[in-house]
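# Descriptive analysis of the structure
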Amino acid sequence: MNGIQGIAVKDLFERGINYWENHQRNFTVTVSMYEIYGGKVYDLLNEHHELKLREDKTNTIQIAGLKE
């Protein structure tokens, strides 16, 4: 795995090991990755499916259909 995905995964595992060594507690990590290309949004962990952006009533952008 190259690029930002590889860097992110490596960092998560390093932080997880550090957390375990300091706290001796289990935890769960959930990840979603998407890209914006050509004005469209794609799910990078779900066969590159195109996603839809929506804005909720608090003006927060939501990515509909993004998988974890």
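Details of the structure are given in the entry above.
These remarks concern the structure in this document. (Residues numbered from 1 in each chain as written. Predicted model: local features only at pLDDT ≥ 70, side-chain atom pairs only at ≥ 80, totals over all residues. Heavy atoms only, no water.)

## Focus on the pattern of salt bridges
Pairing is possible between side chains of opposite charge, provided their charged atoms come close. Enumeration according to the criterion identifies 2 salt bridges in this entry. With a shortest N-O distance of 3.0 Å, Lys 10 and Glu 14 are connected by a salt bridge. With Lys 10 and Glu 14 both in helix 1 (residues 3–23) and 4 residues apart, the pair spans about one turn of that helix. Its relative accessible area of 53% is what places Lys 10 among the exposed residues. For the salt bridge of Arg 15 with Asp 11, the shortest nitrogen-to-oxygen distance reads 2.8 Å. Here Asp 11 and Arg 15 lie together in helix 1, a separation of 4 residues that amounts to about one turn. (Salt bridge = Lys/Arg side-chain N within 4 Å of Asp/Glu carboxyl O. Helix = DSSP H or I, 4+ residues; strand = E, 2+ residues; numbered from the N terminus. Buried < 20%, exposed > 50% of the residue type's maximum accessible area, 1.4 Å probe, protein only.)

The values are spatial; any link to function lies outside them.
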